[in-house]
Amino acid sequence: MTYQNALEAYITATNTHDFDEVRKILHPQAVYWFTDKSCTTPDQIRAYFENTWNLIRDEVYSVRDVQWIAEGPQSVACIYTYCWEGYHNGKFVSGSGRGTNVFVKGAGGEWKLVHEHLSGAVQ
C-alpha cells in the first residue's frame, strides 16, 4: 500500500464509525492534536473519535487539497483541508478546517498514521 492509499484507507475507516477499523491504520504511538484537546494514548484517541461520532450522527468526513510536503522512504507528511457534515440534535451541520498528517512505514512496509493535527474552521 502506498502512503497515498494509506490516507484514503484512513478516511474510509473514519467513515465506518468503527474505531477498530481506524486503529488498523494507526501507529501504536500515534499522537493527535485536535483544536480542543491532545490525545496521546490509543484509549484517549478512541474516546475522542467515539464521542465525536455520538455528537455528530451520520458524520461524513473528507479531505481535499492534499499536499504531500515531505516524502521520504520511512516517513511522509501531508497538509489538507478537512470537511465534515452530519446531524447534531437532528439538525444538519457541517464544517471544515486544516489538517496535517504524518505517516511512518511500520513493520512489513505498511504505512501507519503516527500524528494528526486538526485545527479550527477554515473561513
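Residues numbered from 1 in each chain as written. Predicted model: local features only at pLDDT ≥ 70, side-chain atom pairs only at ≥ 80, totals over all residues. Heavy atoms only, no water.

## Considerations on the packing of aromatic side chains
Here is step 1 of the chain: One pass over the full model with this rule turns up ten aromatic pairs.
Here is step 2 of the chain: Aromatic pair F49 and W53: ring centres 5.5 Å apart, planes at 70 degrees, arrangement edge-to-face. Placement of both F49 and W53 in helix α3 (residues 42-55) is noted, with a separation of four residues, approximately one turn of the helix. With respect to burial, F49 and W53 carry one shared label: buried. (Phe/Tyr/Trp six-rings, centres within 6.5 Å; stacked < 30°, edge-to-face > 60°. Helix = DSSP H or I, 4+ residues; strand = E, 2+ residues; numbered from the N terminus. Buried < 20%, exposed > 50% of the residue type's maximum accessible area, 1.4 Å probe, protein only.)

## Notes on the layout of surface pockets
Here is step 1 of the chain: Roughly 520 Å³ of internal volume is contained in the largest pocket.
Here is step 2 of the chain: Lining the largest pocket are 22 residues, and of these F34, Y48, T52, E59 and L118 lie nearest its centre.
Here is step 3 of the chain: Elements that contribute at least two residues to the lining of the largest pocket include exactly α1 (3-14), α3, β3 (57-71), β4 (75-88), β5 (91-105) and β6 (111-121).
Here is step 4 of the chain: No other element matches α3, which puts six residues into the lining of the largest pocket.
Here is step 5 of the chain: Among the residues making up the lining of the largest pocket, the classes are represented as twelve nonpolar, seven polar and three charged. (1 Å grid on protein atoms, 1.4 Å probe; cavity = no way out; pocket = protein on both sides within 12 Å on 5 of 7 lines; lining within 4 Å. Points joined across faces, edges and corners; volume = space filled by probe spheres on them. Nonpolar A, V, L, I, M, F, W, Y, C, P; charged D, E, K, R; others polar.)

## Let's talk about the nonpolar core
In summary, soluble globular proteins display a tendency toward joint burial of nonpolar side chains.
Here is step 1 of the chain: Core analysis: the largest hydrophobic core is formed by 26 residues, its most contacted members being Y10, V22, L26, Y32, I45, F49 and F103.
Here is step 2 of the chain: When contributions to this core are tallied by element, the ones reaching two or more residues are α1, α2 (19-23), β1 (26-33), α3, β4 and β6.
Here is step 3 of the chain: When residues of this core are assigned to their parent elements, the largest contribution, six residues, is made by α1.
Here is step 4 of the chain: When near neighbours in sequence (up to four residues on either side) are disregarded, V22 contacts Y10, A13, T14, F49 and W53. (Core = buried A, V, L, I, M, F, W, Y, C linked by side-chain atoms within 4.5 Å. Contact = heavy atoms within 4.5 Å.)

## Details of the side chain of E116
Here is step 1 of the chain: Mapping E116 onto the fold places it in strand β6.
Here is step 2 of the chain: One buried charged residue, E116, forms no salt bridge at all, with the nearest opposite charge on R98 at 14 Å.
Here is step 3 of the chain: Among the polar contacts listed, one links the side chain of E116 to the side chain of N101, at a separation of 3.4 Å.
Here is step 4 of the chain: In this structure, E116 is in contact with Y10, V31, Y32, W33, F34, Y80, T100 and N101, ignoring residues within four places of it in sequence. (Lys, Arg positive; Asp, Glu negative; His and termini not counted. Salt bridge = Lys/Arg side-chain N within 4 Å of Asp/Glu carboxyl O. Polar contact = N/O pair within 3.5 Å; in protein donor to acceptor, adjacent residues only side chain to side chain.)

## Brief notes about the pattern of salt bridges
Here is step 1 of the chain: Enumeration according to the criterion identifies five salt bridges in this entry.
Here is step 2 of the chain: In this structure, D20 and R46 form a salt bridge, with 2.7 Å as the shortest nitrogen-oxygen distance. You can see D20 sitting in helix α2 and its partner R46 sitting in helix α3, a full 26 residues away along the chain.
Here is step 3 of the chain: Residue classification places D20 among the partly exposed positions, given a relative accessible area of 43%.
Here is step 4 of the chain: Of the residues examined, R46 reaches a relative accessible area of 22% and is grouped as partly exposed.
Here is step 5 of the chain: Here K112 ties to E110 by a salt bridge, and the two come within 3.5 Å at their closest N and O atoms.
Here is step 6 of the chain: Judged by its relative accessible area of 45%, E110 is partly exposed.

## Describing α3
At 3.6 residues per turn, the α-helix brings residues three or four places apart onto the same side.
Here is step 1 of the chain: Look at α3: 20 Å from first C-alpha to last across 14 residues, which is about the 20 Å you get at 1.5 Å a residue.
Here is step 2 of the chain: Looking only at α3, the buried set comprises I45, F49 and W53. Along the long axis of α3, the arc covered by the buried residues comes to 65 degrees, so they all point the same way. With respect to the buried face of α3, the exposed residues turned more than 90 degrees away are D43 and N54.
Here is step 3 of the chain: Looking at the buried side of α3, the elements it contacts are α1, α2, β1, β2 (38-39) and β3. (Expected span 1.5 Å × (residues − 1). Arc of directions from axis to C-beta.)

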